[in-house]
Amino acid sequence: MEIDYAEGTWQIIQCQGCDDVSFREMWITSENINPDGEAEEVVTLYPNRDKDTLLAKDYALLPSKLRKIYKEVIKSYNSNLLILCATGLRSIVEGICDSAGIEGKNLQLKIEGLHTKGYLTQKHATILHEHRYMGNSAVHELDIPTKEELSIAIRIIEHTIENLYEIDDQVDELRWLKERRLRKSRI
């Protein structure tokens, strides 16, 4: 089949919700004809965006090295680099232990140290062991987790980050807003 015509448009766009910048490529060609006989535009975004795309959260209080790894985990997930994503999640757990000053010969002992020192409940520590298992399996056995497994693991890591690094700041903001509201009500 021969292409009779092709028209392309390229744009750099910015999301008005999350401020992410993307490159948009749009093509209309004689090959993309719908059942009504009309040319359909084909749009491709770089980086790829689809229903499974995750957006990295902005964790202002997360140490910069962990923030960088977290963003790489999200990029790996969105690029279907599933083994890298799994090992990145394990690296975040290791980094959380290190930033809390938890020492140990291996990650298992470090995760238990997070519980012992009161950073995590025992249940939460047990959950983080799943990240260790997933990362170890990905590296040592080349066991590729599914996107669904990784999506859940990412949500757990995000919860852990929010719990350990962000929640105190949010509580302070809540107190400040409450005090401001009460002061206004007295006027």
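Further up the page is the structure itself.
Residues numbered from 1 in each chain as written. Predicted model: local features only at pLDDT ≥ 70, side-chain atom pairs only at ≥ 80, totals over all residues. Heavy atoms only, no water.

We now examine the pairing of strand E2 (residues 21-29). Sheet analysis places strand E1 (residues 6-14) next to E2, joined by nine bridges and oriented antiparallel. Pairing of Ile-12 across the sheet is with Phe-23, part of E2. Between the end of E1 and the start of E2, which pair antiparallel, lie six residues, with Asp-19 showing a positive phi angle near 70 degrees. Pairing analysis gives five bridges linking E2 to strand E3 (residues 42-46), with the strands arranged antiparallel. Across the sheet, Trp-27 pairs through a bridge with Val-42, a residue of E3. (Pairing = 2+ DSSP bridges. Helix = DSSP H or I, 4+ residues; strand = E, 2+ residues; numbered from the N terminus.)

Of the residues making up helix H3 (residues 107-116), those classed as buried are Leu-107, Lys-110, Ile-111, Gly-113 and Leu-114. Down the axis of H3, the sector holding all buried residues measures 150 degrees, keeping them to one side. As for H3, its buried residues are in contact with helix H2 (82-99) and helix H4 (122-140). Two or three places before Gln-108, at the opening of H3, Asn-106 has a side-chain oxygen 3.1 Å from that residue's backbone nitrogen. Where H3 terminates, the next one or two residues include Gly-118, which has phi positive at roughly 85 degrees. (Buried < 20%, exposed > 50% of the residue type's maximum accessible area, 1.4 Å probe, protein only. Arc of directions from axis to C-beta. Contact = heavy atoms within 4.5 Å. Polar contact = N/O pair within 3.5 Å; in protein donor to acceptor, adjacent residues only side chain to side chain.)

Geometry of a packed helix pair, given as the angle between the helix axes and the separation of the axes. In the contact formed by H3 and H4, the axes pass within 9 Å of each other and the chain directions differ by 160 degrees. When the axis of H3 is compared with that of H4, the two are roughly antiparallel. In this structure, the crossing between H3 and H4 has a hand that is right-handed. Only Gln-122, Ala-125, Leu-128, His-129 and Arg-132 of H4 make contact with H3, whose side of the interface consists of Leu-107, Gln-108, Ile-111, Glu-112, Leu-114 and His-115. Its residues placed into classes, the contact of H3 with H4 shows five nonpolar, four polar and two charged. (Axes fitted to C-alpha atoms, helices over the stretch in contact; angles between N-to-C directions. Parallel < 35°, antiparallel > 145°, perpendicular 65-115°, else oblique. Left-handed = near helix turned anticlockwise from the far one by under 90°. Nonpolar A, V, L, I, M, F, W, Y, C, P; charged D, E, K, R; others polar.)

Applying the stated rule across the entire model yields two aromatic pairs. Between Trp-10 and Trp-27, the ring centres sit 5.5 Å apart and the planes meet at 85 degrees, which makes this aromatic pair edge-to-face. Taken as a pair, Trp-10 in strand E1 and Trp-27 in strand E2 lie far apart in primary sequence, 17 residues in all. Its relative accessible area of 30% is what places Trp-27 among the partly exposed residues. Over the aromatic face of Tyr-77 sits the side chain of Lys-147, whose NZ or CZ is 4.2 Å from the ring centroid. (Phe/Tyr/Trp six-rings, centres within 6.5 Å; stacked < 30°, edge-to-face > 60°. Lys NZ or Arg CZ within 6 Å of the ring centre and 35° of its normal.)

Moving on, we come to the packing of H2 against helix H5 (residues 147-186). Following both chains from N to C, one finds H2 and H5 inclined at 20 degrees, their axes separated by 11 Å at the closest point. Taken together, H2 and H5 sit at an angle that is classed as roughly parallel. Pair H2 / H5 crosses with left-handed handedness. Judged by residue contacts, Leu-82, Cys-85, Ala-86, Leu-89, Ile-92, Val-93, Ile-96 and Ser-99 of H2 engage Lys-147, Leu-150, Ala-153, Ile-154, Ile-157, Thr-160, Leu-164 and Tyr-165 from H5.

Turning next to the sheet that holds E2. Ordered by their spatial adjacency, three strands build an open sheet running E1-E2-E3, and the pairing between neighbours is antiparallel. Every interior strand has two partners, whereas the edge strands, E1 and E3, have only one. For this sheet, the mean inter-axis angle between neighbouring strands, taken without regard to orientation, is 20 degrees.

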